[in-house]
Structures are given as structure tokens and as C-alpha cells.
Amino acid sequence: MKNKIIIANWKMSLLYQESMDVASAIAQLKGNIPPDVELVICPSYVSLPGVAEILKNTDIKIGAQDLFWEERGAYTGEVSPVDLANFGCSYAIIGHSERRMNLAETNVMVHGKVKIALKNKLAPIICIGENWDERHVGQRDYVLIRELNEILGGIQLQDGDNVVIAYEPIWAISSGKGIFAEPQEVKYVSEVIRQVLIDLYDAHRIESSIRFIYGGSVNKLSIKKYTELPHIAGVLVGNASTKPEEFISLIKNA
Ligand code: 13P
């Protein structure tokens, strides 16, 4: 595992041809990605094979934006983790707040998805975070602790498993107004998460298999504030990752 990780979540922001164009621009980066930075691109499902093809001769990894908690069966509209792995994915975003809000995804579903991801050697990028109201009444830590326990409780991690926990405060996502969590707060949250993990796993397992990252309005100017914090392995980037120039500067600034 490299020291730092930058994950691009293209959401449904890029259509197919735009995804190919942005992937081609990112593929040009090759030698310019800092050697200690792992770069992961998460395109839409339909764009995934095309993006994988464009990036096949680079070190850049591919992730899915979701997966289903079963490998096959009568699940109309869902995508199998087996196919995702076979199409070259090594990561999968799971439990993004946009899915929780728009599709009523619950921690129970996220738990099942994390389990099947690990079974298929897909590294889950588990998204957790509080909304503005929860934050205002002082419930941030409670929300994070509950989410982590419900998602990871009962899941054993083995050697070689790779888990990313993304703190994405809902109020900071796609704010478009430069609203983001201050690095000091992200650092504090990383400590809260570590306390929860210590109850679930031994210290060696946490050290070898779990990384903590931040997501929410990260851009080329703010990236360094997060990547230079000791316990933050990297960032999950939405909007800024869909604009090639901005994203390339962001990577260089990491
Ligand atoms: P923005 O970077 O657009 O705020 O999105 C963050 C996010 O939701 C990444 O998953």
C-alpha cells in the first residue's frame, strides 16, 4: 500500500464521452503522479470498461461507485461484484451519503456490501458522515460511532484486506461554497474512528488493513492541508476530479 491515496468519485457528473475524455487527460499524467500517491478513478458503471481500457498501461486504479451485496440472482438493475472485479476494479465506494439519501441505503445494506466486496478482493471505500442538523446538536461523534459499529461489526479482516474509511460530512459535500471540514476537525474525527476500530480489531490489523481519508469539497488549493496531517491517508474528491486541469493540479499538490 502506498502512503497516500486520492480517489476520484465522478458520480453521475460525467456522461460516457466526457468520462473517456477526462480519463484520457488523466492517463497523460503517468510520470507526474507523486510516487507515494495511489490514484483511483471511480467512473459510472457504463463508463467503467472504457475508462479501464484507457488507463490499462498506467498505475492508476479503477473503482466502482457501488456494488450489490449478492454475486448473482434476481436483482433487477444491480451489478455483481464479480463482474466489477473482472472488469478491473480494485476498489468500490460503499454507502455514499447520496445513495443513503436518494435510495434509502442503510447501514445494514452497507454492511452486506462491505462483506461481499472483501470476498471479491475489492477494497471497500466506506463512507460515513453526519448531516448539518446532527452536527448542530452535537451528535457528530455519535453518528460516526454508530455507523462504523453497524457497518463493520462482525466483519473479520484477513491479511491482505484493504479497507478505506472516508469521513464525508454531508454538509461539506458539493457545497460549491467552499464549505469543508477544517483539517483540525478531520484529525479529531480520525481519532474518534480509531477508538471505534480499536474495539473491533487489533492494532496490527488496523495498521495493516485500514486507511482513513476525508471527502467534501476538496480542491487543488485545500488538498495539502489534509494530506499533510499524520493520520489522514488521503482524500475522496467529487467535483474537482471531473475537471482535468483542476484534478491534475490537485494530484500534483498532494
Ligand atoms: P465534492 O468533492 O464534490 O464535494 O464531493 C465529495 C464526495 O462526495 C466524494 O465522494
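J.: Would you mind showing me how to read the sheet that holds strand 1 (residues 4–9) here?
T.: Reading around the circumference, 1-2-3-4-5-6-7-8 is the order of the eight strands in this closed barrel, with parallel pairing throughout. Averaged over all pairs of adjacent strands, the angle between their axes in this sheet comes to 25°, without regard to strand direction. The strands touched by helix 8 (residues 183–200) are strand 5 (123–128), strand 6 (163–167) and strand 7 (210–215); relative to strand 7, the strand with the most contacts, the crossing angle is about 145°.

J.: Got a minute to help me understand the packing of helix 7 (residues 140–152) against helix 8 in this structure?
T.: Packed helices, taken two at a time, are described by the angle their axes make and the gap between the axes. Running from N to C, helix 7 and helix 8 cross one another at 40°; their axes reach a closest spacing of 10 Å. On the basis of the axis angle, helix 7 is oblique to helix 8. For the pair helix 7 and helix 8, the sense of crossing is right-handed. Residue-level contacts link Arg140, Asp141, Leu144, Ile145, Leu148, Asn149 and Leu152 of helix 7 to Glu185, Tyr188, Val189, Val192, Ile193, Val196, Leu197 and Leu200 of helix 8. Split by residue class, the contact of helix 7 with helix 8 holds eleven nonpolar, one polar and three charged.

J.: What should I look at first to understand the pattern of salt bridges in this one?
T.: It is possible for side chains bearing opposite charge to pair when their charged atoms get close. Considering all chains together, one arrives at 16 salt bridges under this definition. Among the ionic pairs, Glu38 bridges to Arg211, the shortest N-O distance being 3.0 Å. Remark: Arg211 occurs in strand 7 and Glu38 occurs in strand 2 (residues 37–42); sequence separation between them is 173 residues. Taken individually, Glu38 and Arg211 each receive the classification buried, so the pair is uniform in this respect. A salt bridge links Arg135 to Glu130; the shortest N-O distance between them is 3.5 Å. Here the salt bridges do not stand alone but share partners, grouping Glu130, Arg135, Arg140, Asp141 and Glu185 into one network.

J.: I'm lost on the pairing of strand 4 (residues 89–94) in this one. Help?
T.: A regular strand carries its side chains on alternate faces of the sheet. Across the six residues that make up strand 4, a large majority, five, are buried. Of the strand pairs in this sheet, strand 3 (residues 61–64) and strand 4 are connected by three bridges, and their pairing is parallel. Residue pairing for strand 4: Gly63 is matched across the bridge by Tyr91. For the crossover from strand 3 across helix 3 (residues 81–86) to strand 4, the handedness is right-handed. The pairing of strand 4 with strand 5 spans four bridges and is parallel. Within the sheet, the bridge partner assigned to Ile93 lies in strand 5 and is Ile125.

J.: Can you walk me through helix 1 (residues 16–27) in this structure?
T.: Every α-helix carries 3.6 residues per turn, so stepping three or four residues along brings you back to the same face. The end-to-end C-alpha separation of helix 1 is 16 Å, in line with the 16 Å expected for twelve residues at 1.5 Å each. Summarising the contacts, the buried residues of helix 1 are in contact with strand 2, helix 2 (48–54) and helix 11 (244–253).

J.: In this structure, what is going on with the packing of aromatic side chains? I would like to understand it.
T.: Centre distance and the angle of the planes are the two values used to describe a pair of aromatic rings. In total, this model carries five aromatic pairs according to the counting rule given. Ring geometry for Phe68 versus Tyr75: centroids 4.6 Å apart, planes at 45°, classification tilted. For Phe68, a relative accessible area of 6% translates into the label buried. On the accessibility criterion, Tyr75 (36% relative accessible area) is partly exposed. Three or more aromatic residues joined by ring pairs make a cluster, and in this case those are Phe68, Trp69 and Tyr75.

J.: Please clarify how the site of the ligand should be interpreted in this entry.
T.: In the vicinity of the ligand lie 13 residues, with Lys11, His96, Ser174, Ser217 and Asn239 positioned nearest. At 2.9 Å, a side-chain N or O of Glu168 approaches an oxygen atom of the ligand. A distance of 2.6 Å is found between an oxygen atom of the ligand and a backbone nitrogen or oxygen belonging to Ser174.

J.: I tried to follow the environment of Arg205 on my own but got confused; where do I start?
T.: Tracing the backbone shows Arg205 in helix 9 (residues 203–209). Exposure remark for Arg205: the relative accessible area of 13% places this residue in the buried category. For Arg205 and Phe87, which are 118 residues apart along the polypeptide, the C-alpha to C-alpha distance reads 28 Å. Excluding residues that lie within four positions of it along the chain, Arg205 makes contacts with Leu157, Gln158, Asp159 and Ile210. There is a polar contact of 3.4 Å between the side chain of Arg205 and the backbone oxygen of Gln158. A distance of 2.9 Å separates the side chain of Arg205 from the side chain of Asp159, its partner in a polar contact.

J.: I tried to follow the state of the cysteines on my own but got confused; where do I start?
T.: Note: disulfide means a covalent bond formed between the sulfur atoms of two cysteine side chains. All chains considered together, the criterion is met by zero disulfides. The thiol sulfur of Cys42 is not disulfide-bonded, and the nearest other cysteine sulfur, from Cys89, lies at 7.8 Å. Accessibility expressed as a relative area gives 0% for Cys42, which makes it buried. Cys127 takes part in no disulfide bond, and the closest cysteine sulfur to it belongs to Cys42, at a distance of 9.4 Å.

Definitions and limits used
- Residues numbered from 1 in each chain as written.
- Predicted model: local features only at pLDDT ≥ 70, side-chain atom pairs only at ≥ 80, totals over all residues.
- Heavy atoms only, no water.
- Pairing = 2+ DSSP bridges.
- Helix = DSSP H or I, 4+ residues; strand = E, 2+ residues; numbered from the N terminus.
- Axes fitted to C-alpha atoms, helices over the stretch in contact; angles between N-to-C directions.
- Contact = heavy atoms within 4.5 Å.
- Parallel < 35°, antiparallel > 145°, perpendicular 65-115°, else oblique.
- Left-handed = near helix turned anticlockwise from the far one by under 90°.
- Nonpolar A, V, L, I, M, F, W, Y, C, P; charged D, E, K, R; others polar.
- Salt bridge = Lys/Arg side-chain N within 4 Å of Asp/Glu carboxyl O.
- Buried < 20%, exposed > 50% of the residue type's maximum accessible area, 1.4 Å probe, protein only.
- Right-handed = clockwise from strand over helix to strand, strands pointing away.
- Expected span 1.5 Å × (residues − 1).
- Phe/Tyr/Trp six-rings, centres within 6.5 Å; stacked < 30°, edge-to-face > 60°.
- Near = heavy atom within 4 Å.
- Polar contact = N/O pair within 3.5 Å; in protein donor to acceptor, adjacent residues only side chain to side chain.
- Disulfide = S-S within 2.5 Å.

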